[in-house]
Structures are given as C-alpha cells and as structure tokens.
Amino acid sequence: MPRLVDPLLLPGSVASIQQPLLEIDDRFSIRPWAIDDAPTIVVAYSDPEIQQWHRRSLDDFEAQQMVRIWRGAWQGEADACWAIENRLDGLAVGYIALHRIDLENGAAQVAYWVAPHARSAGVASKATLALSEWALGPLGLHRLELLHSVHNHASCHVAANAGFAIEGTLKGALEHPDGWHDMHLHARLTSKPFRSPIS
Ligand SMILES: CC(C)(COP(=O)(O)OP(=O)(O)OC[C@H]1O[C@@H](n2cnc3c(N)ncnc32)[C@H](O)[C@@H]1OP(=O)(O)O)[C@@H](O)C(=O)NCCC(=O)NCCS
C-alpha cells in the first residue's frame, strides 16, 4: 500500500548533525551535558520541587549514569538533552530536553528544570523559547508539546512565556510522589509565530 503522507523528517535527521549550542541571552546558553556536571545534578535533585515534579532523587553514581544517558541520547534520536549553562562560570543551572522525538510526525515534548538558586530570572522561559525556535526552525519539527501538573503554576507560566498555548487537561495522567495528577497539555506549532513577553 503506498503511503499517502511522507514522513516529515527521516531517520538520521538528528544523529547526522552535531548537537547545537544555543545562546539564550547574554548570560546563559544551552549545551550538551558533561560528566563534570554530575555534582551539580545531585545538588539540584536534592530540591524538593525537582523531586516532586521529576519524580525522583539521585545519588552521585546515578547522576553520572544519568549524564552518560543524556550525552548518548542524541545518537538514539528519541531524546535530546542539554544543560542550561551560566557562561560566567561554566556551571550548569538547569536541564532542558526534547523527549519522545517523533521524526516521522515532526513532534517532541519539551521538559526542563532550573536549580533553586537560578529561578525566577527568566532562565526556563528563555531556554524553552530558544530550544523551541531551533526545534521548530532549523531542525524542522512541526509540533512541540509541554506537559505539567495543574499544580505546577511556575511551569504553566514558563509554557505561556515560550508561546505554548494550552490545549486542555489530561485527567489523572501522571503519578507523582503524592499521587496521580491532572496534567495541562500545552503545544506550540510551526505555523504560529510568537513574540514572547520576556524576550
Ligand atoms: C518551573 C521552573 C523550571 C521555572 O524555572 P525559572 O527559571 O524560575 O522560570 P522563569 O523565571 O522563566 O519563569 C517562572 C515563571 O513562574 C512564575 N512563578 C514562579 N513561582 C511561581 C509560583 N509558586 N506560583 C505561580 N507562579 C510562579 C514566575 O513569576 C514566572 O512567571 P512570569 O514570567 O509570568 O512572571 C523551576 O521553578 C523548576 O525547576 N521547578 C521544579 C521542577 C519543575 O517544576 N520542572 C518542570 C516540570 S513540568
């Protein structure tokens, strides 16, 4: 049976290019993770909010394993993970990723966290904006989704700041340490130009 719709992107569309470094603003960039980032990740995952919304904690060994997984993910083309770096000292202050990359349908899910000391300065919003513009622009994806618990109000603001319109609420969609949460589904599409209030 002939296909009636061509795949948007072919296998190899991610793995055949170098994972980009993207500038967020004059202080922050997103870059691939390095093994030296592991201690920063352990500290970040000691934060109760990161534990709550990312549903785990990490010890030193697990953080190193996690960095190896994040670094290797690019070649697998299902996930792409970056550190948000403060260029003044080179230290990671956050995580941003494309998960569930679906090349055929041109879709992915954005996920992020920012360490407590770097919060409320626009870091997550600007990183999400920069990554989205790269993913929907040069990479060629068509649709990015962003899911967060309805109780995670900061994440809802980040989604709005980065141009992710709310599409609805998924009932009891993800189990957290305190039980099942309804999740807001946001999305941003290539066809919708967006001017962020924070850029
Ligand atoms: C959510 C998170 C990534 C935001 O990072 P950040 O760099 O502080 O985000 P920004 O500074 O870009 O934007 C934060 C927005 O949330 C708002 N905000 C912060 N805390 C809030 C709260 N408790 N309730 C409501 N809004 C809040 C800020 O006012 C800002 O919105 P505005 O720009 O419209 O004023 C960070 O808080 C975090 O890592 N939390 C724990 C992990 C997590 O929630 N990950 C996301 C899972 S979906």
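Residues numbered from 1 in each chain as written. Predicted model: local features only at pLDDT ≥ 70, side-chain atom pairs only at ≥ 80, totals over all residues. Heavy atoms only, no water.

Engineer: Hey, could you run me through the side chain of serine 196 in this one?
Structural biologist: The topology assignment puts serine 196 in the segment after strand S8 (179-189). Residue classification places serine 196 among the buried positions, given a relative accessible area of 6%. Engagement of the side chain of serine 196 in a polar contact is seen with the backbone oxygen of asparagine 161, the distance being 2.7 Å. A polar contact is formed between the side chain of serine 196 and the backbone nitrogen of isoleucine 198, at a distance of 3.0 Å. Excluding residues within four positions of it along the chain, serine 196 makes contact with Leu129 and Asn161. (Helix = DSSP H or I, 4+ residues; strand = E, 2+ residues; numbered from the N terminus. Buried < 20%, exposed > 50% of the residue type's maximum accessible area, 1.4 Å probe, protein only. Polar contact = N/O pair within 3.5 Å; in protein donor to acceptor, adjacent residues only side chain to side chain. Contact = heavy atoms within 4.5 Å.)

Engineer: Is there a simple way to think about the pairing of strand S7 (residues 165-176) in this case?
Structural biologist: Working note: regular strand, side chains alternate between the two faces of the sheet. Pairing between S7 and S8: eight bridges, direction antiparallel. Across the sheet, residue leucine 170 finds its bridge partner in S8, namely methionine 183. (Pairing = 2+ DSSP bridges.)

Engineer: Where do I start with helix H4 (residues 123-136) in this structure?
Structural biologist: Structurally, the α-helix is built with 3.6 residues per turn, so residues lying three or four positions apart point the same way. Under the 1.5 Å per step criterion, the end-to-end length of H4 is 20 Å for 14 residues, consistent within 8% with the ideal 20 Å. For H4, the full list of buried residues reads Val123, Ala124, Ser125, Ala127, Thr128, Leu129, Ala130, Leu131, Ser132, Trp134, Ala135 and Leu136. (Expected span 1.5 Å × (residues − 1).)

Engineer: I keep staring at the pairing of strand S6 (residues 143-149) and nothing clicks. Help me out?
Structural biologist: The element S6 is extensively covered by neighbouring structure, given that five of its seven residues are classed as buried. Summarising the sheet, strand S5 (residues 107-114) and S6 pair through three bridges and their orientation is parallel. Paired with alanine 108 across the bridge in S6 is leucine 144. After leaving S5, the chain enters H4 and then returns to the sheet as S6, a path that is right-handed. By the bridge criterion, seven bridges tie S6 to S8 in an arrangement that is antiparallel. Following the sheet pairing, leucine 147 is matched in S8 by leucine 185. (Right-handed = clockwise from strand over helix to strand, strands pointing away.)

Distances and angles like these do not, on their own, reveal function.
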